[in-house]
Amino acid sequence: MHELETILDALRETGEDRSVLEAPGTAHLVAEGNAILSARSVPGLEVDTQETTTGIAATVLVREGVRIEHPVHLCFGVVHPRGLQKIRMDLRLERGAAASFIAHCLFPRAEKVRHEMEATVDIGEDAEFDYAEVHFHGPFGGTTVIPRSTVTVGRNGRYIGSFTLTTGRVGILDLDTTVHTSEGSITELTARVLGSGCDRITIRESVSLDGDNARSIIKTRIALKDDAFAEVTGVTEGNAAGARGHVDCMELLRDRAVARAVPMVSVTNPLAKVTHEAAIGTVDRRQMETLMAHGLSPDKAVDIIVKGMLR
Amino acid sequence: MALLEVDNLSYHAGERRIIEGLSLVIDPGEVHALIGTNGTGKSTLACLIMGCGGCRPSGGEIVFAGRRIDELAIHERAALGITMAWQEPARFEGLTVREYLALKKSGADPAACLVMVGLEPVRYLDRLVDKALSGGERKRIELASVLALAPRLALLDEPDSGIDMLSTGDIIGVIEALKEGGAAILLITHREEIAHMADRASLLCGGRIICTGTPVAVAERYRERRCIVCDGTECDYA
């Protein structure tokens, strides 16, 4: 039970209270390393989990037309300074289903921890899936996190995905998300990461707009200080009539940090349109001056600008 | 004692003289309009007083409430009671209007400040101060933030630009509210009806103040001029 308590305590670092897991009507799955510590399902949500030698494997199904009322909480983590966790997840929402998942990935004492996630998500026609992944890696920078996901969004489906790592150190992050979209679907991908020390951040998010009138936005916000490094690649392909995509990357640097942004847009259908914007640089002077003219010190002004950008 | 004393101030950008030998006095509670064509140094003067825009005087001095301030940082000047509303205010991701209006714990009610600039609190308090706001909305929120700060000296750089003519009354209301709160205002404007609210006005040309007087008299002098910048006989700019 020691591991469960530690995981629940660390939940606070992702802005959640442990009581959320105790609420009746709220489904959850808590796994430390390769041990499933707690699980609860709700009607309409079918979860099959297995412990493997290095982590867990889960299959999740939301049946046709079922709308899960409360967010499903997934808590994954390694509470010891060293460890390995590999998560394999296959998730499917049938036609007209709707669900919201919040994944809390917690490595509060990590000195040498590796977390790998391999996910496939199949969002059916008219189905809606919100997936928010919030990480806390502790203060030591000893975590290597490699999340990989492939998402398919069906006709008129909606996928809202976010990745947030804005407290503690990052360590090494290698995030890769690929989304294939169908006619009339909507996809929003947002990543927010605060890097410090010698953190290394690699983010690649790709959306293929394959159906008529599909819409997408990839939004990335990175703030770096010390000797941190980040490379962000946002890819959007407009392959169908009326498809609209936008890539929006902003990276804010201080100290000796280094950042790269690689927006890649391609259009194979003349009736599609994909746009991109990328900005890398130090804190905007006008923003700083405005806040300082409101009486804030330079440090406080930077803090507000960075927190706002990562919110 | 004057609240603000600008004495023989100069600001040169390379070979270019933006401000040259400018002197200006603003009394406590005075609304002082600054009039002049584009490019004559009005915004630069405001920046020199606030200490922003990378502007540092090439010569002269700025004294606020008896203390020389031209070496102080922006937030140090703000701590003395000076603030500024930019002509094009900055946008902030992730910062709500409610938070923006409460950056400094002045005790002001953000909702009341919004009402004074003609914005409905229920529609705006939880919106972000980001690029989704129109230019006019952003300007009004900036003015609301000045009200919330309750400054001793407000530098308002064209508070009326980007705001529809029907809403001129809102701007006048802000100026009146600041004045009632005891603030002095340096008011940069191109609209006569706004300038006429001032206690005094100065006409800026070629980086110099070439006349100071009642707003009506200064505006009349301004209209009489036939060139964008004078021929040098008045401001020695040529």
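Calculation criteria
Position labels on residues start from 1 in each chain and follow its written sequence. Chain letters start at A and ligand numbers start at 1, both assigned in the order the entries are written. In view of the model being predicted, local features appear only for residues whose pLDDT reaches at least 70, and side-chain atom pairs are presented and counted only at 80 or more, with totals across whole chains, interfaces and linings using the full set of residues. In this text, helices come from DSSP runs of H or I with a minimum length of four residues, and strands from runs of E with a minimum of two, each type numbered from the N-terminal end. The reference for a compact globule is 2.2 Å times residues^0.38; the radius of gyration itself is calculated from the C-alpha atoms. Exposure classes come from backbone-placed C-beta atoms, where a residue is buried if 20 or more other C-beta atoms lie within 10 Å of its own, exposed if 12 or fewer do, and partly exposed in between. Distance between backbone-placed C-beta atoms decides contact: two residues are in contact if it is within 7 Å. Here, a nonpolar core denotes buried Ala, Val, Leu, Ile, Met, Phe, Trp, Tyr and Cys residues that are linked to one another through C-beta atoms within 7 Å.

J.: What is the right way to read the overall build of chain A from this model?
T.: Scanning chain A from terminus to terminus reveals four helices and 19 strands. In terms of overall size, chain A behaves like a compact globule, its C-alpha atoms giving a radius of gyration of 20 Å where 311 residues would be expected to give roughly 19 Å. In terms of overall dimensions, chain A has C-alpha extents of about 55 × 55 × 35 Å along its principal axes. Within chain A, the proportion of its 311 residues that are buried is 50%. By sequence separation, contacts in chain A at least 24 residues apart represent 78% of the contacts at least 6 residues apart.

J.: Explanation requested: the interface of chain A and chain B in the structure shown.
T.: Frequently, the measure chosen for interface size is the accessible area removed from exposure when the parts meet. On the side of chain B, 19 residues touch chain A, which itself brings 19 residues to the contact. Mapped by element, the contributors of at least two residues to the side of chain A that touches chain B are α3 (285-293) and α4 (298-310) of chain A.

J.: Explanation requested: the nonpolar core in the structure shown.
T.: Core analysis: the biggest nonpolar cluster contains 165 residues, and Met 50, Ile 185 and Leu 187 of chain B have the highest contact counts within it. Sort the elements by how many residues they give to this core and helix α6 (residues 135-149) of chain B lands first, with seven residues. Excluding anything up to four places from it in sequence, Met 50 of chain B contacts Ala 293 of chain A together with Ile 74, Arg 77, Ile 82, Met 84 and Leu 155 of chain B.

J.: Would you take a moment to explain α3 of chain A for this structure?
T.: For an α-helix, 3.6 residues make a turn, and residues three or four places apart therefore share a direction. All names here are of chain A. Across the nine residues of α3, seven count as buried, placing the element largely inside the fold. Taken residue by residue, α3 has Gln 287, Met 288, Glu 289, Thr 290, Leu 291, Met 292 and Ala 293 as its buried positions. Phi turns positive one or two residues past the end of α3, at Gly 295, with a value near 100°.

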